[in-house]
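# Coordinates in review
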Amino acid sequence: MKSLTDYLWFEVPNRRGFVNVTNTVESLVAKSGVKDGICLVNAMHITASVYINDAEEGLLHDYDVWLEKLAPHEPVGQYHHNRTGEDNADAHLKRQIMGREVVVAITKGKLDLGPWEQIFYGEFDGRRRKRVLIKIIGE
Amino acid sequence: MKSLTDYLWFEVPNRRGFVNVTNTVESLVAKSGVKDGICLVNAMHITASVYINDAEEGLLHDYDVWLEKLAPHEPVGQYHHNRTGEDNADAHLKRQIMGREVVVAITKGKLDLGPWEQIFYGEFDGRRRKRVLIKIIGE
Amino acid sequence: MKSLTDYLWFEVPNRRGFVNVTNTVESLVAKSGVKDGICLVNAMHITASVYINDAEEGLLHDYDVWLEKLAPHEPVGQYHHNRTGEDNADAHLKRQIMGREVVVAITKGKLDLGPWEQIFYGEFDGRRRKRVLIKIIGE
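Before going into details, it helps to say that this report is about the structure given with it.

What counts, and at which threshold
- Residues numbered from 1 in each chain as written.
- Chains lettered and ligands numbered in written order.
- Predicted model: local features only at pLDDT ≥ 70, side-chain atom pairs only at ≥ 80, totals over all residues.
- Heavy atoms only, no water.
- Buried < 20%, exposed > 50% of the residue type's maximum accessible area, 1.4 Å probe, protein only.
- Helix = DSSP H or I, 4+ residues; strand = E, 2+ residues; numbered from the N terminus.
- Arc of directions from axis to C-beta.
- Pairing = 2+ DSSP bridges.
- Axes fitted to C-alpha atoms, helices over the stretch in contact; angles between N-to-C directions.
- Contact = heavy atoms within 4.5 Å.
- Buried area = accessible area lost by both parts, 1.4 Å probe.
- Salt bridge = Lys/Arg side-chain N within 4 Å of Asp/Glu carboxyl O.

## Side note on helix α1 (residues 22-32) of chain C
Residue and element names in this part refer to chain C. Those residues of α1 not exposed but buried are Thr22, Val25, Leu28, Val29 and Ser32. Around the axis of α1, the buried residues are gathered within 125 degrees of arc, so they sit on the same side. Exposed and facing more than 90 degrees away from the buried side of α1 are Asn23, Ala30 and Lys31. Two residues or fewer after α1 comes Gly33, characterised by a positive phi angle close to 75 degrees.

## A short note on the sheet that holds strand β7 (residues 118-123) of chain B
All names here are of chain B. Spatial strand order, β2-β7-β4: three strands in an open sheet with antiparallel pairing. Each edge of the open sheet is held by one strand with a lone partner, namely β2 (17-20) and β4 (48-53). Mean inter-strand twist for the sheet, computed between neighbouring axes without regard to direction, equals 30 degrees. Of the pairings in the sheet, the one linking β4 to β7 comprises six bridges and is antiparallel in character. Counterpart to Tyr51 in the pairing with β7 is Phe120.

## Regarding the interface of chain A and chain C
Chain A puts 30 residues into the contact, and the matching count from chain C is 33 residues. For the pair chain A and chain C, the summed buried surface comes to about 2500 Å²; carbon and sulfur atoms form 58% of the total. Looking at the side of chain A facing chain C, the largest losses of area belong to Met1, Ile46 and Gln96 of chain A, adding up to 23% of the total buried there. In this structure, the connection of chain A to chain C is made through two salt bridges.

In structure tokens form, the structure reads like this:
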């Protein structure tokens, strides 16, 4: 079994934002030498997501509006979690909808993605440094 | 390490629909010869899901009604994504709730599923050909 | 390839509840002898979740309130699934938001978790015995 472990750092300048990490993950798959296997990509912080969807600006806007409707940031006092002094309870909720991780197949040495599948880091409580983990296993 | 990669094609005749793929995946696990490992099943299109839940008609109806409430198809003009000429922004949202993929354990050569766990393909923008990927790894 | 398969049993005394299983999973990783690989943890029942987020009482309260808002238990007659004699349709919906499973990297013989990542069992239709599966593979 071959494997590769790596970590990506992010510091999104706003509270919320999306970063396309597909090319970075693809280059790590090439580096790993794995021809057939799987690639796990997960947020290591619990107010952020890794998910797969379209790299289309309008859709990223729609996600932001929609998540804010399903789990609004304000009023911050509506959430018990924010009694700890945090104001990010909504980010813990938004991240559950978008997900923590993706597991992507590796076939013939490449990410086996559909035509529009792109891997995104979704930030819901930015302006601090956070990590994403990549674990590749296979042969 | 043994592995198997395969792709299933779907063309759901309506905009939305659910297809039980458990038996198909089970037969691929048998074909792989893997006795102990994992099986990844993921939608390769970003307006569809693979998820695990109950094969009960009432529940499939409830999912459809509920997803339409959380992420309504109309008015299509409410979504920036639809300015691209698409009308499927809601499908990109619904798929995030239901998820892209499942990872299922393989034990003693079979999918290690609970008593009611069934693997479903969930379509939210049908009437076109789409694929699901299956990747099995183990020994 | 090394592997380990185990099952945890739960009987949550109320309809809904959250149980932190991080230490139990960590001890199984140690027992497996896997130094580098992945660990799948999934609910085997379709009205329960395994997810990763914060071990903070206020947040667990917020999840419960939020899920009940997005997928209310009552009136039970609003769901076709409940015509089967069940009253747990809402639990099947809540579980889709929180997710069925997590896949966690194992690095240097330990769960490779971020500083606040904790693995939880989320119960949405308790007062009955249910299982969680753990499958560890690697080297």
